[in-house]
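Notes for the structure review
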Amino acid sequence: MRWYTALPAAAVASGAAVTAYASLYERNHWTLRRFDVPVLAPGSPPLTVLQISDLHMTANQRSKQEWVTGLAALEPDLVINTGDNLAGFDAVPGTLKALEPLMDRPGAFVLASNDYYAPRPKNPLKYFWPGHKRVHGSELPWRDLRDGMRDRGWLDLTNASGELTVDGRRIAFAGVDDSHLKRDRYDLVAGPADPTADVRIGLAHSPEPRVLDRFSADGYDLLLCGHTHGGQLRVPFYGALVTNCGIDRDRVRWLHRWTDHTWLHVSAGLGTSPYAPVRFACPPEATLLTLTARGA
């Protein structure tokens, strides 16, 4: 074989190997991340928060459902769900079954676009064009999902505020609907976060800076988001190619400072669209955040 025919063949073979790895192995390589977040008063004992995001669940994803169910063994003090749970019309029963043991714990959630609308095939190059027109799929049974979590006592923070007492600590919450779809109504939750609470947590599915800035200005200590999938396809030594929102690439996943008094955690999430079932250098993940005492 001549070199000018061998090189294209090698490139095709390498591309096929990467695609197989990204779609068959890494996409199902469930991962638990752990971070410590110093947001509690000095001398406070730690508080554990399990964040789940972007499940994009279909009815037949047994491996994912079983792994999520197994997270109950962590015995988190609090569970947070930051939206995009569904990827099919028949996915609500499997999603609620996977979350069932976690709903024995105190919890809170916000909803997002892939709770409301079914995914549609799209040109992946559109993610590089921020102004592209979004076309929604058919409406999903999101009310059944919402009611299933509400009925187990989880706070619905979709454009709402609330509080929970967890392990003797009072937590003040506020959340917004999906800001990527411009469904957020921050004015409904605006105002200084309760200064007497032990910690103040804000929820938003998509980490849009205009919303994060308002949470921070109102005094929230920790902001929890999803949506980005961590970039989903990451280039080693470069990172995410796109963020699919207004956040910068350096903060497209994991724990970072947003301002000098507000931490931001962006979950890389546990799923993908059924029409883009690949991940590379960015495995599906949930996160156990341990809230710890601030330094003196």
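What counts and what doesn't
Residues numbered from 1 in each chain as written. Predicted model: local features only at pLDDT ≥ 70, side-chain atom pairs only at ≥ 80, totals over all residues. Heavy atoms only, no water. Helix = DSSP H or I, 4+ residues; strand = E, 2+ residues; numbered from the N terminus. Buried < 20%, exposed > 50% of the residue type's maximum accessible area, 1.4 Å probe, protein only. Contact = heavy atoms within 4.5 Å. Areas by Shrake-Rupley, 256 points an atom, 1.4 Å probe, with all protein chains shown as cover. Pairing = 2+ DSSP bridges. Axes fitted to C-alpha atoms, helices over the stretch in contact; angles between N-to-C directions. Polar contact = N/O pair within 3.5 Å; in protein donor to acceptor, adjacent residues only side chain to side chain. Core = buried A, V, L, I, M, F, W, Y, C linked by side-chain atoms within 4.5 Å. Patch = residues over 30% accessible without salt bridge, like charges linked within 9 Å, V, L, I, M, F, W, Y side chains within 5 Å. Salt bridge = Lys/Arg side-chain N within 4 Å of Asp/Glu carboxyl O. Phe/Tyr/Trp six-rings, centres within 6.5 Å; stacked < 30°, edge-to-face > 60°. Lys NZ or Arg CZ within 6 Å of the ring centre and 35° of its normal. Parallel < 35°, antiparallel > 145°, perpendicular 65-115°, else oblique. Left-handed = near helix turned anticlockwise from the far one by under 90°.

Along its length, the protein chain carries six helices and 14 strands. By residue count, 52% of the 296 residues in the protein chain fall in the buried class. For the protein chain, long-range pairs separated by at least 24 residues make up 74% of all intrachain contacts whose partners lie at least 6 apart in sequence. Of the roughly 13400 Å² of accessible surface on the protein chain, 56% is carried by carbon and sulfur atoms.

Before going further, it helps to examine the sheet that holds strand 13 (residues 262-266). Read from one edge to the other, the open sheet built from six strands follows the order 6-7-8-9-13-12, with strand pairing classed as mixed. Bordering the open sheet on either side are strand 6 (160-166) and strand 12 (254-259), each of which pairs with just one other strand. Averaged over all pairs of adjacent strands, the angle between strand axes in this sheet comes to 25 degrees, irrespective of strand direction. Running at roughly 65 degrees to strand 12, helix 6 (residues 209-217) makes contact with strand 7 (169-176), strand 8 (199-204), strand 9 (222-225), strand 12 and strand 13 of the sheet.

Here we have six strands laid out as an open sheet, ordered 1-14-2-3-4-5, and mixed in their pairing. In this open sheet, the two strands that pair with only one neighbour each are strand 1 (31-40) and strand 5 (155-156). Sheet topology places strand 2 (residues 47-52) next to strand 14 (residues 285-293); five bridges connect them, and they run antiparallel. Along strand 14, the bridge assignment pairs Leu50 with Leu288. Against the sheet, helix 5 (residues 142-151) engages strand 3 (78-81), strand 4 (107-109) and strand 5, with an angle of about 160 degrees to strand 4.

Moving on: the side chain of Asp156. Turning to its location among the elements, Asp156 is positioned in strand 5. Since its relative accessible area comes to 18%, Asp156 is described here as buried. A polar atom in the side chain of Asp156 sits 3.0 Å from the side chain of Arg150. Discounting chain neighbours no more than four positions away, the residues touching Asp156 are Phe109, Arg146 and Arg150.

With that settled, consider helix 3 (residues 92-99). Extensive coverage of helix 3 is indicated by the burial of six of its eight residues. Inspection of helix 3 places Val92, Gly94, Thr95, Leu96, Ala98 and Leu99 among the buried residues, and these make up the whole buried set. In this fold, the buried residues of helix 3 make contact with strand 2, helix 2 (62-70), strand 3 and helix 5.

What follows is about the nonpolar core. Ranked by internal contacts, the top residues of the largest apolar core, which has 28 residues, are Ile52, Val68, Leu102 and Met149. Contributing elements (two or more residues each) for this core: strand 2, helix 3, helix 5 and strand 14. Among the elements that take part in this core, helix 3 stands out by supplying four residues, more than any other. Aside from chain neighbours lying at most four places away, what touches Met149 is Asn81, Leu96, Leu99, Met103, Phe109, Leu111 and Trp154.

Our next topic: a nonpolar patch on the surface. There is a patch of nonpolar side chains on the surface, built from Leu233, Val235, Tyr238 and Leu241 and spanning about 340 Å² of accessible area. Within the fold, Val235 resides in strand 10 (residues 234-235).

Taken as a whole and assessed by the stated rule, the structure comprises five aromatic pairs. Plain terms: the ring middles of Tyr186 and Phe215 are 5.0 Å apart, the flat faces sit at 90 degrees to each other, and that makes the pair edge-to-face. Of this pair, Tyr186 sits in the loop between strand 7 and strand 8 while Phe215 sits in helix 6, and the two are 29 residues apart along the sequence. A network of ring pairs unites the aromatic residues Tyr116, Tyr117 and Trp142 as a single cluster. For the cation-ring pair, Arg183 lies above Tyr116, with the distance from its terminal atom to the ring centre recorded as 3.9 Å.

Locating Leu55 in the fold gives a position in the loop between strand 2 and helix 2. On the basis of relative accessible area, Leu55 is assigned to the buried category, the value being 1%. C-alpha separation for the pair Leu55 and Gln65, spaced 10 residues apart in sequence, amounts to 9.3 Å.

To continue, consider the packing of helix 3 against helix 5. Between helix 3 and helix 5, the least distance of the axes is 10 Å, while the angle of their chain directions is 20 degrees. The angle between helix 3 and helix 5 falls in the class roughly parallel. Like other packed secondary-structure pairs, helix 3 and helix 5 cross with a definite hand, here right-handed. Residues Val92, Thr95, Leu96 and Leu99 of helix 3 form the contact with helix 5, whose participating residues are Asp144, Leu145, Gly148 and Met149.

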